[in-house]
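# Notes for the structure review
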Amino acid sequence: MHTGTHADAPYHYNQAGAKMNEVPVETYVGPARVVDIRGHSEITVALLAAYDFATTPRVLFKSDSWTDSTVFPAAWPLLAAGVPAWLSARGG
């Protein structure tokens, strides 16, 4: 069940990746930068370029895309193809 946030285990997108029970909980606990992406359908490098991710090893995206907990949203913002590598190179 999701309660306000979501994380995919590396296995979700890479069969050689760790499953959720193999990912250390410390990965998800600690300082994070919150980026307000409300109103955007795609999370792009251009949208994130103004932020310094070197000082915070985690990023949370505030989308407000699930406003009614009784109805699964029809759409939510997606990461553009180059964003994960771009964030990784900056410590996010």
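Check the entry above for the structure.
So, about the overall build of the protein chain. Looking only at helices and strands, one finds two helices and four strands in the protein chain. Seen in sequence order, the protein chain has helices and strands lined up from the N terminus as β-β-α-β-β-α. Each of the three principal axes of the protein chain carries a C-alpha extent, and together these read 35 × 30 × 25 Å. Every one of the 92 residues in the protein chain was classed for burial, and the buried ones make up 17%. Put simply, 62% of the contacts in the protein chain that link residues at least 6 apart link residues at least 24 apart. When the accessible surface of the protein chain is totalled, it reaches about 6,800 Å², and 57% of it is carbon and sulfur. Counting 6 positive and 8 negative side-chain charges, the protein chain places the averaged centre of each group 5 Å from the other.

Residues Val35, Ile37, Ile43, Leu48, Phe53, Ala80, Val83, Trp86 and Leu87 constitute the largest nonpolar core, which totals nine residues. If you tally residues by element for this core, the top one is helix H2 (residues 83-89), at three residues. Setting aside its immediate chain neighbours within four residues, Leu48 contacts Val35, Ile43, Phe53, Phe61, Val83, Trp86 and Leu87.

Let us now look at unusual backbone geometry. Even without being glycine, Asp64 reaches a positive phi, approximately 55 degrees. Along the chain, Asp64 turns up in the loop between strand E3 (59-62) and strand E4 (78-79).

Further remarks concern the packing of aromatic side chains. Tallied over the full model, the rule gives four aromatic pairs. Geometrically, the ring pair formed by Tyr51 and Phe53 is tilted, given 6.2 Å between the ring centres and 50 degrees between the ring planes. The exposure class assigned to Phe53 is buried, which follows from its relative accessible area of 1%. With centroids separated by 5.1 Å and ring planes inclined at 75 degrees, the aromatic side chains of Trp66 and Phe72 adopt a geometry described as edge-to-face. For Phe72, a relative accessible area of 57% translates into the label exposed. If you follow Lys19 out to its NZ or CZ, it ends over the ring of Tyr11, 5.0 Å from the centre.

Rules of the game
Residues numbered from 1 in each chain as written. Predicted model: local features only at pLDDT ≥ 70, side-chain atom pairs only at ≥ 80, totals over all residues. Heavy atoms only, no water. Helix = DSSP H or I, 4+ residues; strand = E, 2+ residues; numbered from the N terminus. Buried < 20%, exposed > 50% of the residue type's maximum accessible area, 1.4 Å probe, protein only. Contact = heavy atoms within 4.5 Å. Areas by Shrake-Rupley, 256 points an atom, 1.4 Å probe, with all protein chains shown as cover. Lys, Arg positive; Asp, Glu negative; His and termini not counted. Charge placed at Lys NZ, Arg CZ, Asp CG, Glu CD. Core = buried A, V, L, I, M, F, W, Y, C linked by side-chain atoms within 4.5 Å. Phe/Tyr/Trp six-rings, centres within 6.5 Å; stacked < 30°, edge-to-face > 60°. Lys NZ or Arg CZ within 6 Å of the ring centre and 35° of its normal.

Geometric values such as these leave the question of function open.
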